[in-house]
Amino acid sequence: MPQIAQLADTYASQIFWLVLFFGFTFLVIGRHMVPKVMATVEARERQIGSDLAAAEAARKAADAAEKDWAAQSARQRAEAHALIASAKVDAARATEAGLAVAGRTIDGRLAEADARIAAARDSARAEIETVASEAAGAIVTRLAGISVDAGAAQAAVKEVLHG
Amino acid sequence: MHQFTIRPLFGTDHWALLGHNIAFTNSALWMAIAVTALWFFVFGGMKHELVPGRWQMAVESMTGFIDNLLAANVGPAGRKYVPYIFSLFMFILFCNVLGLIPLGLLGGKAQPFTVTSHFTVTGVLAILSFSIVLVVGFARHGFHFFSLFVPHGTPIWLLWLIPVVELISFLVRPFSLALRLFVAMMAGHVLLEVLSSFVITSTQSGALWGTVVGLPSFLLMIAICALEILVAGIQAYVFALLTSLYLNDAENLH
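The model shown is predicted, which means the values in this text are computed figures rather than measured ones.

Is there a simple way to explain the overall build of chain B in this structure?
Summing up its helical and strand segments, chain B has six helices and four strands in all. Ordering the α and β elements of chain B from the N terminus gives β-β-β-β-α-α-α-α-α-α. Projected onto its principal axes, the C-alpha coordinates of chain B cover approximately 70 × 55 × 45 Å. Put simply, chain B has 254 residues, and 45% of those count as buried. Sequence separation of 24 or more characterises 66% of the internal contacts of chain B that already satisfy a separation of 6 or more. Carbon and sulfur atoms provide 76% of the accessible area of chain B, an area that totals close to 12900 Å².

Here you go:
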């Protein structure tokens, strides 16, 4: 068995070269290169983690934005409804006021027109009385041949006309 | 057994350190090949790409494997041992696998040499691991580290026996660590050599023996070759696993 037969001759050489090569393996590969490889792995895992976190945050933000939007749209709809309602009330009130003004104007005009009609009727009636008394005077003069006093004729006509 | 023989390549006479001959042998050559291959393997995985390629993925899966091994057996404190355990595991793995390459098929004079089939080598690695366990254990816990020899729930009346048993099992660790790897490697290679000698000898003694003995031996050899590749990986894993378990004792006591 060479492991034992050659032990005395070769142990120093084997130990020396093993220490040398394993030392190189440990110092250069183990201490220097392996941490870099593992740092790459860690960086990747951190990146994946942060990406996932960012995606989660974005999802939450989107949810919140959607909720905000829904609340805002509901609020705006309510505002719009309130606005429409108040506009309706305003319009109704304005219409009412307009109608009232117009009604008052019309009433005024009607009253004026009534007054005018009444005046016209009075003057027409007065004229008719004058004409009728004159006519009655003329008729009496022609029929009876008596001249009637204008005042008496007028009183007679007024009596007949007004009962 | 000549496959385990150490042959000096150069520096036989005049290379010495403190009076010891440190000739560059085939063992040193295969260590150099293993370390170069390992360096090349890891270097190919250092591209720092966010989306890894195949090679980077392979290297990252190895570092991740060691990282998980230590995280599972030692916990968060095991992270700092990743460089050592990775070096240990990969060095042993590369030495084991490179020693299985059938270079004889190429027809040249080149022969593979399994560095880990020498207990001088596995012994140095085991002593290294054991020393780290001792240093870490005493540095972290001081003399309290000796409580490792009194497991939880030891009955009072067994206190004279259990620590002795625990101490022996603790002291046996470097030997079992070194011998397990060395024996597994050597046994596999010897088995392959014995079977191949069966194939050659029986074939030379005639067609009948060649069919009766040689052919089954050859088929068995194929199966055992596959088994040896498995063993090469498993023994490296066992060495790294046991070292991390011992480190767990040193880090966390019980």
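Got a minute to help me understand the overall build of chain A in this structure?
Looking only at helices and strands, one finds three helices and zero strands in chain A. Put simply, chain A runs from its N terminus to its C terminus through helices and strands in the order α-α-α. In summary, chain A has a C-alpha radius of gyration of 63 Å against a globular reference of 15 Å for 163 residues, an excess of more than 25%. For chain A, the C-alpha atoms occupy an extent of roughly 195 × 20 × 15 Å along the three principal directions. A total of about 11600 Å² of accessible surface is found on chain A, and carbon and sulfur atoms cover 64% of it. The distance from the centre of the 18 positive side-chain charges to the centre of the 20 negative ones in chain A is 8 Å.

Where do I start with the side chain of Asp67 of chain B in this structure?
Among the structural elements, Asp67 of chain B can be located in helix H2 (residues 54-73). Assessed through its relative accessible area of 14%, Asp67 of chain B is described here as buried. For Asp67 of chain B, the residues in contact, after removing those within four places along its chain, are Met38 of chain A together with Arg79 and Val82 of chain B.

What is the right way to read the packing of helix H2 (residues 7-144) of chain A against helix H3 (residues 82-98) of chain B from this model?
To characterise two packed helices, one gives the angle between the axes of the helices and the distance between these axes. Two elements in contact, H2 of chain A and H3 of chain B, have axes whose closest approach is 8 Å; the angle formed by their N-to-C orientations is 120°. Between H2 of chain A and H3 of chain B, the angle is such that the two are oblique. H3 of chain B is crossed by H2 of chain A, and the crossing has right-handed handedness. Residues Leu18, Phe22, Thr25, Phe26, Ile29, Gly30, Arg31, Val34 and Met38 of chain A of H2 of chain A touch H3 of chain B, and the partners they reach there are Val82, Pro83, Tyr84, Phe86, Ser87, Leu88 and Phe91 of chain B. When grouped by side-chain class, the residues that make up the contact of H2 of chain A with H3 of chain B number twelve nonpolar, three polar and one charged.

For this particular structure, what's the right way to read a nonpolar patch on the surface?
A surface patch of nonpolar side chains, amounting to about 510 Å² of accessible area, comprises Phe24 of chain A together with Trp39, Phe40, Phe43 and Trp55 of chain B. Within the secondary structure, Trp39 of chain B sits in helix H1 (residues 26-44). The partly exposed category is assigned to Trp39 of chain B, whose relative accessible area is 32%.

Can you help me understand helix H5 (residues 162-204) of chain B in this one?
One turn of the α-helix equals 3.6 residues, which is why residues spaced by three or four share an orientation. All names here are of chain B. With 43 residues, H5 should cover 63 Å at 1.5 Å per step; its first-to-last C-alpha distance of 59 Å lies within 8% of that length. Maximal helix bending in H5 amounts to about 40°, located at Arg173; proline Pro174 follows within four positions. Residue Gly206 follows H5 closely and has a positive phi angle near 130°.

Looking at this model, I keep getting lost on the packing of aromatic side chains. Mind explaining?
The description of two aromatic rings rests on the distance between their centres and on the angle between their planes. All names here are of chain B. Going through the model one piece at a time under the given rule, you end up with 19 aromatic pairs over all chains. Taken together, a centroid distance of 5.3 Å and an interplanar angle of 65° make the contact between Phe138 and Phe146 edge-to-face. Assessed through its relative accessible area of 40%, Phe146 is described here as partly exposed. Taken together, the aromatic side chains of Phe130, Phe138, Phe143, Phe145, Phe146, Phe149 and Phe170 make up a single cluster linked through ring pairs.

Cut-off values and rules
- Residues numbered from 1 in each chain as written.
- Chains lettered and ligands numbered in written order.
- Predicted model: local features only at pLDDT ≥ 70, side-chain atom pairs only at ≥ 80, totals over all residues.
- Heavy atoms only, no water.
- Helix = DSSP H or I, 4+ residues; strand = E, 2+ residues; numbered from the N terminus.
- Buried < 20%, exposed > 50% of the residue type's maximum accessible area, 1.4 Å probe, protein only.
- Contact = heavy atoms within 4.5 Å.
- Areas by Shrake-Rupley, 256 points an atom, 1.4 Å probe, with all protein chains shown as cover.
- Rg over C-alpha atoms; globule rule 2.2 N^0.38 Å.
- Lys, Arg positive; Asp, Glu negative; His and termini not counted.
- Charge placed at Lys NZ, Arg CZ, Asp CG, Glu CD.
- Axes fitted to C-alpha atoms, helices over the stretch in contact; angles between N-to-C directions.
- Parallel < 35°, antiparallel > 145°, perpendicular 65-115°, else oblique.
- Left-handed = near helix turned anticlockwise from the far one by under 90°.
- Nonpolar A, V, L, I, M, F, W, Y, C, P; charged D, E, K, R; others polar.
- Patch = residues over 30% accessible without salt bridge, like charges linked within 9 Å, V, L, I, M, F, W, Y side chains within 5 Å.
- Salt bridge = Lys/Arg side-chain N within 4 Å of Asp/Glu carboxyl O.
- Expected span 1.5 Å × (residues − 1).
- Bend = angle between axes of the 7 residues up to and from the residue.
- Phe/Tyr/Trp six-rings, centres within 6.5 Å; stacked < 30°, edge-to-face > 60°.

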